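Chain and residue survey
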Amino acid sequence: MSTATETDNAIVPDDIAKQIVLPEGHRDEKKLFEAYKWLRDNMPLGQAHVEGWDPMWLLTKHADIMEVERQPAIFSNGGGEEKGSHNPLFTNQAGEQFTLSITGGSHRVMDVLPYMDPPEHSVVKNVALDWFRPANIKKWEDRIRELAKDSIEDLKEKAAAGELDLMKDWSMYFPLHVVMSLCGVPEEDEPRMMALTQDFFGTADPDSKREEIELSPEAQAQQLMATVQDFYAYFDQIVEDRRANPKDDLATIVATAKYDDGEYMPKTFAYGYFIAIATAGHDTTSATLATGIEQLIKHPDQLKALQEDPKGIADFVNEAIRWAAPVKQFTRRAEQDYELRGQKIKKGDRLLTLFQSGSRDEEVISDPDTFDSTRRPNKHIAFGYGPHMCIGQHVAKLELRVMYEELIPLIVGGEFTGERKVVQTNFVGGVKNLPMKLELR
């Protein structure tokens, strides 16, 4: 629980707090972004008090988020030296208690980077850091382009048949295929990975609820734990295979990682890597891919400009990432008293780094509520900042650039034919339904 002292000038109004804290508040993106803007204009750093949830400082300004993110010793990911004493994944109090009850008192349900702090975070991140560098990722471009072309052929068939759901019927499959290839997952197992990914990020969405999980205050934590165990069981096979039969691939690098003394790192660290790649590496890119196409249909002048000058696609990718901003926040905990924007953060207080809001901060993004494919510079923080900045960002940008390079020349136009829906979540998610008709050459 937070130890912060409540002060009238630091408490976020109830309606704004609920809009941002509650997963259901994220279903209405218009109201959500209005709430972010209200805070940036009136209370850029305030504490949200919502029944059933721990008090949280809401960081809405780009500069404040960067200040917190660059100091992991002061604002910890998973509890600093007390590993597992803090949950970086924001959930309600009932879910937190459920997690603690089945882990023996630890919030750390996975050995994955978002739960770690330096120096452990640095050691584990360095396992695959070189593989994820742009120079190495570049070697995958031809293969990703082949996958993109195959995916576009599938899209052509579905578009020719009439109405399609761009996200559900197409967008989510291309990034999945790419990242599953990186993880060494056979193509025939991709439907299983798709289902687990939806379970993982859809813990607060009734449409993604597992049949065996009853709706309850702790249901989100129950579904997360069950999904993690299913991931572990599957990825154990890949770890065993790569240790026995190493290959020249990312899966082998992760599975065979060792400490300086020559001992293998625990299998759970490999599972954590695979889960991160299979979930965040797929879900976020899928949502961004669909969102980018959606905006081109809404802005035919920008579509035409990109068709006439494809060199602008790299800037378009950055704007699509900023606009979609599928990673909404991570939770940090203050390990010491700290003053930020005139507010006294107390040791033990928890903070939400609201990346979506930071990427629409008027102080660093001009006209932030306008989609501009030519925006440069584009100082969004959709990938986070500091040591916790997304390790897979260069893969995501490469996938998106390659797909858009192949697809944009073929787009004639389109129209939206049904209700656009987003995932009900306050963590990671974006568009989940985008019914439309798409005309391709």
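All values derive from a computational prediction rather than experimental measurement.

Our focus in this paragraph is the overall build of the protein. Looking only at helices and strands, the protein has 17 helices and 12 strands in total. The C-alpha atoms of the protein give a radius of gyration of 21 Å, which matches the 22 Å a tight globule of 441 residues would have. Across its three principal axes, the protein shows a C-alpha extent of roughly 60 × 55 × 45 Å. Put simply, the protein has 441 residues, and 58% of those count as buried. Sequence separation of 24 or more characterises 72% of the internal contacts of the protein that already satisfy a separation of 6 or more. For the protein, the accessible surface area stands at approximately 18,500 Å², while carbon and sulfur atoms represent 49% of it.

Another aspect to go through is the packing of aromatic side chains. Overall, the coordinates contain 13 aromatic pairs when judged by the stated rule. Judged by centre distance (6.0 Å) and plane angle (70 degrees), the ring pair of Phe 316 and Phe 371 falls under edge-to-face. Taken together, the positions of Phe 316 in helix α15 (residues 313-324) and Phe 371 in the loop between α16 (355-358) and α17 (393-407) put the pair 55 residues apart, joining distant regions of the chain. Plain terms: the ring middles of Phe 316 and Tyr 404 are 4.7 Å apart, the flat faces sit at 65 degrees to each other, and that makes the pair edge-to-face. Taken together, the residues span a long stretch of sequence, with Phe 316 in helix α15 and Tyr 404 in helix α17 at a distance of 88 residues. With relative accessibility at 0%, the residue Tyr 404 sits in the buried group. The rings of Phe 231, Tyr 234, Phe 235 and Phe 274 are connected pair by pair, giving a single aromatic cluster. Directly above the aromatic system of Phe 416 lies the positively charged group of Lys 298, at a separation of 6.0 Å from the ring centroid.

With that settled, the discussion passes to the environment of Asp 337. As for its position among the elements, Asp 337 is in the loop between β5 (329-334) and β6 (338-340). Considering only alpha carbons, one finds Asp 337 and Ala 73, 264 residues apart in sequence, at a separation of 12 Å. Apart from the residues lying within four places of it in its own chain, the contact partners of Asp 337 are Ile 345, Lys 346 and Lys 347. At 2.9 Å, the side chain of Asp 337 and the backbone nitrogen of Lys 347 are in polar contact.

Tallying each qualifying case throughout the model produces 38 salt bridges. Here Arg 376 ties to Asp 315 by a salt bridge, and the two come within 3.0 Å at their closest N and O atoms. Of the two residues, Arg 376 is situated in the loop between α16 and α17 and Asp 315 in helix α15; the sequence distance between them amounts to 61 residues. The buried category is assigned to Asp 315, whose relative accessible area is 15%. Among the charged side chains, a salt-bridge network with shared partners connects Lys 138, Glu 141, Arg 145, Arg 401, Glu 405 and Glu 406.

Contact pair helix α9 (residues 173-183) / α17: the axes reach a minimum separation of 11 Å and the direction vectors enclose 135 degrees. In terms of orientation, α9 lies oblique with respect to α17. You can see that α9 and α17 cross each other, and the crossing is right-handed. Residues Phe 174, Pro 175, Val 178, Val 179 and Leu 182 of α9 lie in contact with α17, whose contacting residues are Val 395, Glu 399 and Met 403. Tallied by class, the residues present in the contact of α9 with α17 amount to seven nonpolar, no polar and one charged.

The strand order across the open sheet built from three strands is β4-β12-β9, with neighbouring strands paired in antiparallel fashion. Each edge of the sheet is formed by a strand with only one pairing partner; in this case those strands are β4 (164-165) and β9 (411-416). Two strands pair when backbone bridges link them, and β9 and strand β12 (residues 435-440) are joined in this way by five bridges, in the antiparallel orientation. Bridge pairing links Glu 415 to Lys 437 in β12. Sheet contacts for helix α7 (residues 141-160): β4 and β12; angle to β12, the most-contacted strand, approximately 110 degrees.

Spatially, five strands are ordered β1-β2-β8-β5-β3 in an open sheet, and the strand pairing comes out mixed. The outermost strands of the open sheet, each flanked by one partner alone, are β1 (45-48) and β3 (75-76). The sheet contact formed by β5 and strand β8 (residues 350-354) spans five bridges and is antiparallel. Bridged to Arg 332 within β8 is Leu 351. The strands touched by helix α3 (residues 62-69) within the sheet are β2 (56-59), β3, β5 and β8, with β8 carrying the most contacts at an inclination of about 125 degrees.

When we look at burial in helix α1 (residues 14-21), the residues that qualify are Ile 16, Ala 17, Gln 19, Ile 20 and Val 21. Contacts made by the buried residues of α1 are with α2 (29-42), β1, β2 and β8.

Before going further, it helps to examine the environment of Pro 191. Assignment of secondary structure puts Pro 191 in helix α10 (residues 190-201). The exposure class assigned to Pro 191 is exposed, which follows from its relative accessible area of 56%. In the structure, Pro 191 is positioned 127 residues away from Asp 64 in sequence and 40 Å away in space, judged by C-alpha atoms.

Let us look at the pairing of β2. The alternating pattern of β2 places Met 56 and Leu 58 and Trp 57 and Leu 59 on opposite faces, both of which are buried. Bridge count for β2 against β8 is three bridges, and the pairing is parallel. In the strand pairing of β8, Leu 58 is matched with Leu 352.

The rules we used
- Residues numbered from 1 in each chain as written.
- Predicted model: local features only at pLDDT ≥ 70, side-chain atom pairs only at ≥ 80, totals over all residues.
- Heavy atoms only, no water.
- Helix = DSSP H or I, 4+ residues; strand = E, 2+ residues; numbered from the N terminus.
- Rg over C-alpha atoms; globule rule 2.2 N^0.38 Å.
- Buried < 20%, exposed > 50% of the residue type's maximum accessible area, 1.4 Å probe, protein only.
- Contact = heavy atoms within 4.5 Å.
- Areas by Shrake-Rupley, 256 points an atom, 1.4 Å probe, with all protein chains shown as cover.
- Phe/Tyr/Trp six-rings, centres within 6.5 Å; stacked < 30°, edge-to-face > 60°.
- Lys NZ or Arg CZ within 6 Å of the ring centre and 35° of its normal.
- Polar contact = N/O pair within 3.5 Å; in protein donor to acceptor, adjacent residues only side chain to side chain.
- Salt bridge = Lys/Arg side-chain N within 4 Å of Asp/Glu carboxyl O.
- Axes fitted to C-alpha atoms, helices over the stretch in contact; angles between N-to-C directions.
- Parallel < 35°, antiparallel > 145°, perpendicular 65-115°, else oblique.
- Left-handed = near helix turned anticlockwise from the far one by under 90°.
- Nonpolar A, V, L, I, M, F, W, Y, C, P; charged D, E, K, R; others polar.
- Pairing = 2+ DSSP bridges.

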